[in-house]
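Each chain, written out:
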Amino acid sequence: MKYNPATVGKLIYCSRTLPEIEKVLAELKNLMKYYDRVAKEPHKIVGLALSSRKNLCIHPTVSKEKDGKIVDGRCHSLTASYIRARHLNDQSIPICNFYDSFDLDGREFPLQPGIYNLDDLKKLGQDMGWCPYFLARQAVVHANIVVYSYHYLLDPKIAQIVSKEISKNTVVVFDEAHNIDNVCIDSMSVRINRRVLDKCSTNLQVLEKTIDKAKEQDTKKLKEEYYRLVEGLKDATVARETDIVLANPILPDEILQEAIPGSIRNAEHFVFFLKKLVEYLKMRLRVQHVVQESPAGFLKDIYGKICIDRKPLRFCAERLSCLIKTLEIPDISDLSPLVLMSHFATLISTYTKGFTVIIEPFDEKSPTVSNPILHLACLDSSIAIKPVFDRFQTVVITSGTLSPLDMYPKILDFHPTLMSSFTMTLARQCLLPMIVSKGNDQVAISSKYETREDIAVIRNYGSLLIEMASIVPDGMVCFFTSYLYMDNVVASWYDQGIIDQLLKYKLLFIETQDSAETSLALFSYIKACENGRGAVLLSVARGKVSEGVDFDHHLGRAVLMFGIPYVYTQSKILRARLEYLRDQFQIKENDFLTFDAMRHAAQCVGRVIRGKTDYGIMVFADKRFSRTEKKGKLPKWIQEHLRGSFCNLSVEEATQIAKKWLKQMAQPFSRDDQLGVSLLTLEQLQNEDFQKKIFSRAQQL
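This section reports on the structure supplied with the text. It should be emphasised that the depicted structure is a prediction, and the values quoted were computed from it without experimental measurement. (Residues numbered from 1 in each chain as written. Predicted model: local features only at pLDDT ≥ 70, side-chain atom pairs only at ≥ 80, totals over all residues. Heavy atoms only, no water.)

### Quick look at a nonpolar patch on the surface
- Residues Leu31, Tyr34, Tyr35, Val38, Leu680, Leu682, Leu685 and Ile694 make up a contiguous nonpolar surface patch of about 680 Å² in total accessible area.
- Taken together, the elements giving at least two residues each to the nonpolar patch come down to α1 (18-39) and α33 (682-686).
- With 4 residues, α1 is the largest single contributor of residues to the nonpolar patch.
- Following the sequence through the fold, Leu682 ends up in helix α33. (Patch = residues over 30% accessible without salt bridge, like charges linked within 9 Å, V, L, I, M, F, W, Y side chains within 5 Å. Areas by Shrake-Rupley, 256 points an atom, 1.4 Å probe, with all protein chains shown as cover. Salt bridge = Lys/Arg side-chain N within 4 Å of Asp/Glu carboxyl O. Helix = DSSP H or I, 4+ residues; strand = E, 2+ residues; numbered from the N terminus.)

Structure representation (C-alpha cells):
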C-alpha cells in the first residue's frame, strides 16, 4: 500500500467473531509500533474495526439495550433526518446528541493516523462528543486497513449500506474461512413460521393506520413518493445515511433503473398486496407433510391462486423501504417480520436457480410439536460471494483448517490464481496427533449409528477419558458429534461410575445449548485451570466452544474428538443441497459429507495449539479416522505429525505414548532453542545463505 498506492488502495480483513477482530487489531498495533521503531518516523496508516451499533453505541440509554435489532431501531428513531428536522421545530422530540455533533463537526475531521479498535473508537467518541458508529462508517472509505465481519461483504443487505463505496483496487482477506460456504448460504436464506406471519399482519395494520393518518395530514408526501417511483428506484432511494435502514437483499443496479410496477406504486395498493401475500403464505403453512418445490413452481402456484405476478414480488423489499421512509416511521425494529417477508418475496422472484422452497409441518428439533416452517433455502454458496470476486482485484481465502483445498473452488465456483497449503516450522514436535481405534478390550470404538448405543463403546470412551485425565496436566477439552449423543454418553457414564472416577483427577464442566450456561461453564473451567485443580470441558462440534474459543497453553493440553462429526443427514435442506452439488458441480454426496465432517474435526482439535511455544495432544477417537480418505482430508500441519505408528492405537497404547511425550514437553524450552528454526533474527533474514534456504523451502511447498 505504501509503495504501490495505485495498485493496492486498501486492505479489508474479514473475520468471524468479535474476539478474533480484536486480536487482529492488537497484532496490527504491534506491527505498526515495530515499523515506527525501525523507520524512526510515525506511520501514516489508518486502521480501524467496524462493528454493529450494539458494539459501538455510547448513547446513555440506547447502549444499555442487549438486542441488536432494538439498538438499530432506537438509533434510527433518534438520528433519522425527518426526526432531526422535527426537533428543530419542537425541542421536546429527542435526538442523539452524539450523532448531531458528529454531523455538524465530525465530518470535516478525518481520523488521525493510528490503529483504532472498538474501545478506541468509543473513547474517541466520548472525548469528541461524536457517534463512534457513524464516525467508523465514514472512516471506512478513507482508512487503509479495515477489519470487520464477513457479513459486511457477503450479506447483500449489509454490504449495500456499508461497503458500496470501497474501491476496486482493494485486497480482501477472509480469515478463518473454513466455513465460508455456510456463511454465504445463511446470508441468502430466509425462514418463516406462523409467528412471523401473525406479526406481519399486525405490522400491516400499523402501516394502514399510518397511511390513513398521513393522508389526513399531508397527502402531498404520498403523491410525491408515487411520482418518484414512476421515475425509477434510483431516485426513490437517494437518502441520507441515517435513513437507509432497509437495504435490498439482492437487487442489481440495472433493476434499480426501472420504475416500480404500477400495481404496488400506490401506498394503499402495496399494503393490500402484502396482505394477500401474507394470507397466501399462511395457507401454504397448513401442511401435514413435507413439501418441496422450486422457486419457479412456487411462483406459478402463487400466480394461479391469488394472481400475484413475479415482477411486483421482485420489488417488494425496495418498495417497503421507500414506504417506511415516506411515512417517517421512527422505530423500525417492530417491523422486522414484515421486512423478512419482503426479503423472501424479492429473493424467490429473482433467483430461479440455486434455491429451493421447503415447507415442513414441524421443527426438526421438536418433531412432535406442530410448528410449520417455510424455508427459502439457498443451495449455492457462490451466489453471495460472486459479487465480491467480481468487484475486488484480489480476494484471499485463508484458514488453518482449510482442507482439502480443492473442494473450495468447486463449492464457491471460482478459478483460483494461486492455491497453496503450508506446514508449520516448529523447533520441537509440540503437537501429538493420535488415532485411537479400540479399547483395551479390543472392541472397536466409533460413533457411527450402528454402534453408538453399544455399552462397550461408551465404556471405552470413558476409559480413554479417565486414562488421559490421569496423565495430562491442567485443562482437557472433549468434543462429541451432537448434544443428543453427549447427553446419552454422559448419562451412561454416570451409571457406570466413570464420572466419579474422573472427578478424582479433574473437575468436569459441560457445554449446553444455552449460551449463558456455556459462558459460566467456560469461566469456571478457566478458573479451575488457573488455580491448578485442572478441568475437563465436554463440548460439541459445531457448537460455541468449537469455533470462537482458544484453549492456549495450560487451558488446553489435550483435545479428545469422540467420533466423526457428520452433519445431521436427514435434514431436508441438507439433502436438497447435496443434490444440487451433485447436479451442478459433480460433487459426490459422500465426498462433501466427509469433507464437511473432517474440517469440523480439524477445527475442534486445532483449539489445542495456539502458537509455536504451545503444546498439546490431539486424540481422534474413532476407528474410521484411520481410513486413508478420512486421514488425507486433515490439514497438512496435522498430517505430517501423524505417523503410521500413531494410528490404530488402543487406549493403553495411546496413554503410554502421551505419557512419554508429555515428559519431553516438560523439559525447559527457551527462545534461543527456536532461533534459526521457527524464529529468525533480523541478521538471519538479511543473510544471503539463509534467504536461499528459505526460498528453496518455499519452492518445495
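Next comes the rest of the description.
### Focus on the nonpolar core
- Within the largest apolar cluster, 130 residues are counted, with the highest numbers of intra-cluster contacts made by Tyr148, Phe174 and Met341.
- Of all the elements, helix α15 (residues 267-284) adds the most residues to this core, at 9 residues.
- Residues in contact with Tyr148, not counting those within four places in the same chain, are Ile12, Tyr13, Cys14, Ser15, Ile21, Leu50, Leu153, Val162, Ser163 and Ile166.
- One finds Ile466, Val536, Val545 and Val619 within the second-largest nonpolar core, a separate group that totals 83 residues. (Core = buried A, V, L, I, M, F, W, Y, C linked by side-chain atoms within 4.5 Å. Buried < 20%, exposed > 50% of the residue type's maximum accessible area, 1.4 Å probe, protein only. Contact = heavy atoms within 4.5 Å.)

### Regarding the pairing of strand β16 (residues 616-621)
- With 6 of 6 residues buried, β16 lies mostly within the body of the structure.
- Covered by surrounding structure in β16 are Gly616, Met618 and Phe620 together with Ile617, Val619 and Ala621, the residues of both alternating faces.
- Alignment of strand β11 (residues 431-438) against β16, held across 6 bridges, turns out to be parallel. If you follow Pro433 over to β16, its bridge partner there is Met618.
- Where strand β15 (residues 558-562) meets β16, 5 bridges bridge the pair, whose relative direction is parallel. Following the sheet pairing, Val559 is matched in β16 by Met618. (Pairing = 2+ DSSP bridges.)

### Quick word on the state of the cysteines
- Across all of its chains, the model carries 0 disulfides by this definition.
- With no disulfide of its own, Cys430 lies 19 Å from the sulfur of Cys647, the closest cysteine sulfur. (Disulfide = S-S within 2.5 Å.)

### Re the sheet that holds strand β2 (residues 46-49)
- The strand order β3-β2-β4-β1-β5-β10 describes an open sheet built from 6 strands, whose pairing is parallel. A strand with exactly one partner marks an edge of an open sheet, and here the two such strands are β3 (114-116) and β10 (394-397). Taken over all neighbouring pairs, the strand axes of this sheet differ in orientation by 15 degrees on average, direction set aside.
- As paired elements, strand β1 (residues 10-15) and strand β5 (residues 170-174) share 5 bridges and run parallel to each other. Among the inter-strand pairings, Ile12 is bridged to a residue of β5, identified as Val172.
- Running at roughly 165 degrees to strand β4 (residues 145-149), α1 makes contact with β1, β2, β3 and β4 of the sheet. (Axes fitted to C-alpha atoms, helices over the stretch in contact; angles between N-to-C directions.)

### Topic: the packing of aromatic side chains
- Counted according to the given criterion, the structure contains 23 aromatic pairs.
- Relative to Phe102, the ring of Tyr99 has its centre 6.3 Å away and its plane inclined at 50 degrees; by these criteria the two rings are tilted. Of this pair, Tyr99 and Phe102 both sit in helix α5 (residues 97-104), 3 residues apart, which is roughly one turn of the helix.
- Between Phe298 and Phe344, the ring centres sit 5.6 Å apart and the planes meet at 85 degrees, which makes this aromatic pair edge-to-face. Of this pair, Phe298 sits in helix α16 (residues 295-306) while Phe344 sits in helix α19 (residues 336-350), and the two are 46 residues apart along the sequence. (Phe/Tyr/Trp six-rings, centres within 6.5 Å; stacked < 30°, edge-to-face > 60°.)

### Regarding α15
- Here α15 contains 18 residues, and its C-alpha end-to-end distance of 26 Å stays within 8% of the 26 Å for a straight helix at 1.5 Å per residue.
- Along α15, the residues classified as buried are Ala267, Phe270, Val271, Phe273, Leu274, Leu277, Val278, Tyr280, Leu281, Lys282 and Arg284.
- The backbone nitrogen of Glu268 has a side-chain oxygen 2.8 Å away, supplied by the residue at the start of α15, namely Asn266. (Expected span 1.5 Å × (residues − 1). Polar contact = N/O pair within 3.5 Å; in protein donor to acceptor, adjacent residues only side chain to side chain.)

### What about the sheet that holds strand β9 (residues 370-378)?
- With respect to topology, 4 strands assemble into an open sheet ordered β6-β9-β8-β7, the strand pairing being antiparallel. With partners counted over all chains shown, the strands left at the sheet margins are β6 (190-193) and β7 (291-293), one partner each. Going from strand to strand, the sheet's axes swing by 15 degrees on average, the running direction of each strand aside.
- Packing against the sheet, α19 makes contact with β6, β8 (355-362) and β9, and its axis sits at approximately 125 degrees to β6.

### A closer look at the pattern of salt bridges
- Applying the stated criterion to the full structure yields 24 salt bridges.
- The residue Glu65 makes a salt bridge to Arg74 at a minimum N-O spacing of 3.1 Å.
- Judged by relative accessible area, which is 28%, Glu65 ranks as partly exposed.
- A relative accessible area of 25% places Arg74 in the partly exposed class.
- Each member of the salt-bridge network shares a partner with another, and the members are Asp181, Arg542, Arg577, Asp596 and Arg599.

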